[in-house]
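What the coordinates show
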Amino acid sequence: MRTGARLGIDVGEARVGVATSDPSGLLATPVETVARDLDHGADVDRVVELAREMGVVEVVVGLPRSLDGSEGTAADKARAWAQGLRSALREAQIENTPIRLVDERLSTVDAHRGLRESGVAGRDHREVVDQAAAVLILQTALDTERATGRPPGERVGRPRRRTPRKGTRT
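Below is a summary of the structure that appears in this document. What you see is a predicted model, and the numbers here were worked out from it, not measured in a lab.

1. Considering the pattern of salt bridges
For the structure on display, the rule yields 15 salt bridges. Its salt-bridge partner being Glu53, residue Arg46 comes within 3.8 Å of it at the nearest N-O pair. On the accessibility criterion, Arg46 (22% relative accessible area) is partly exposed. A relative accessible area of 53% places Glu53 in the exposed class. A salt bridge links Glu71 to Arg65; its shortest N-O distance comes to 3.2 Å. The exposure class of Arg65 is partly exposed, given its relative accessible area of 26%. The structure contains a network of salt bridges with shared partners spanning Arg2, Arg6, Glu58 and Glu145.

2. Examining the side chain of Glu104
Turning to its location among the elements, Glu104 is positioned in the loop between strand E5 (99-103) and helix H3 (107-117). Those residues within four positions of Glu104 in sequence are excluded, and the remaining contacts are Asp10, Gly62, Leu63, Pro64 and Ile137.

3. Remarks on unusual backbone geometry
Residues apart from glycine generally show negative phi values, whereas peptide bonds are mostly found in trans. In this structure, Gln93 takes a positive phi of about 60° despite not being glycine. Examined against the element boundaries, Gln93 turns out to sit in the loop between helix H2 (73-91) and E5. With a relative accessible area of 68%, Gln93 lands in the exposed category.

4. Side note on the sheet that holds strand E1 (residues 6-11)
Taken in spatial order, the 6 strands line up as E3-E2-E1-E4-E5-E6 in an open sheet, and their pairing is mixed. Looking along the sheet, the strands with just one partner apiece sit at the ends: strand E3 (28-35) and strand E6 (154-155). In this fold helix H1 (residues 42-54) packs onto E1, strand E2 (15-21) and E3, with an angle of close to 145° to the strand it touches most, E3. This element, H2, spans E1, E2, strand E4 (58-63), E5 and E6 of the sheet and lies at about 165° to E4.

5. Brief notes about the environment of Gln139
Among the secondary structure elements, Gln139 is positioned in helix H4 (residues 125-148). Residue classification places Gln139 among the buried positions, given a relative accessible area of 16%. Sequence-wise, Gln139 and Leu27 are 112 residues apart; in three dimensions their C-alpha atoms are separated by 6.5 Å. In contact with Gln139, other than residues within four places in its own chain, are Leu26, Leu27, Ala28 and Arg146.

6. Here's the deal with the side chain of Arg100
In this fold, Arg100 is placed in strand E5. Buried and without a salt bridge, Arg100 has Glu58 as its closest oppositely charged side chain, separated by 4.2 Å. Within polar-contact distance, the side chain of Arg100 engages the backbone oxygen of Gly153 at 3.1 Å. Not counting the four nearest positions on each side in its chain, Arg100 is found in contact with Glu58, Val59, Val60, Val61, Pro151, Pro152, Gly153, Glu154 and Arg155.

7. Structural notes on the environment of Leu63
Along the chain, Leu63 turns up in strand E4. Considered as a pair, Leu63 and Glu104 are 41 residues apart in the sequence and their alpha carbons are 5.4 Å apart. When residues no more than four places from it in sequence are discounted, the contact partners of Leu63 are Glu71, Ala75, Ala78, Arg79, Leu101, Val102, Asp103 and Glu104.

Procedures and definitions
Counting of residues starts from 1 at the beginning of each chain's written sequence and follows it residue by residue. A pLDDT threshold of at least 70 governs which residues receive local features in this predicted model, and a stricter bar of 80 or more applies before side-chain atom pairs are shown or counted, although totals over entire chains, interfaces and linings include all residues. Hydrogens are left out, water is left out, and the side-chain values use all remaining heavy atoms of the structure. By convention in these notes, a salt bridge is any Lys or Arg side-chain nitrogen within 4 Å of a carboxyl oxygen on Asp or Glu. We call a residue buried when its accessible area falls under 20% of the maximum for its residue type, exposed when it is over 50%, and partly exposed in between, using a 1.4 Å probe and counting protein chains only. Strands here are runs of E lasting at least two residues and helices are runs of H or I lasting at least four, both read from the DSSP assignment and numbered beginning at the N terminus. What makes two residues a contact is simply this: any of their non-hydrogen atoms within 4.5 Å. By this definition, two strands are paired if DSSP reports at least two bridges between them. Only the contacting stretch of a helix is used when fitting its axis, a line to C-alpha atoms as for every element, and angles between N-to-C directions run 0 to 180 degrees. Charge assignment: positive for Lys and Arg, negative for Asp and Glu; neither His nor the chain ends contribute. Whenever a nitrogen or oxygen atom comes within 3.5 Å of another N or O atom, the pair is scored as a polar contact, on the condition that within protein one atom can donate a hydrogen and the other can accept it, and that pairs from neighbouring residues in sequence are kept only if both atoms are in side chains.

Structure (structure tokens):
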């Protein structure tokens, strides 16, 4: 397993949840919630700042897929945000930090459930649910890598693999 701290990101409509891992890549913990800034990109800038401060070796961004595995508008927005982060990391001269998109089906639902089960009042979820979702995304990525020996998800900036249609040769 690769070593080094990683950032986990849950990109939402209004907020971006951020989590980090320990340097050994075993445990994800919440960091902060950043307000989305569609006009000026201050949310992306803050994540770049956190990546630099923490010296992360990778950023894992949740990719919201439908239950059937298809991608819709939310996935397109997450991909665009991750691409913007990639550009910002390059501009900040920390372009060697890879960004991976990892399936995050139901992470926010699971985060709400976990908060409820831990006694956090529903009205207080908004403050921390994005961080909790980022923790779930990152922890899943860490566990997947530990189980498979391979980095999880797909790397941003590399061409997506096409799945061959049934009946066609590859």
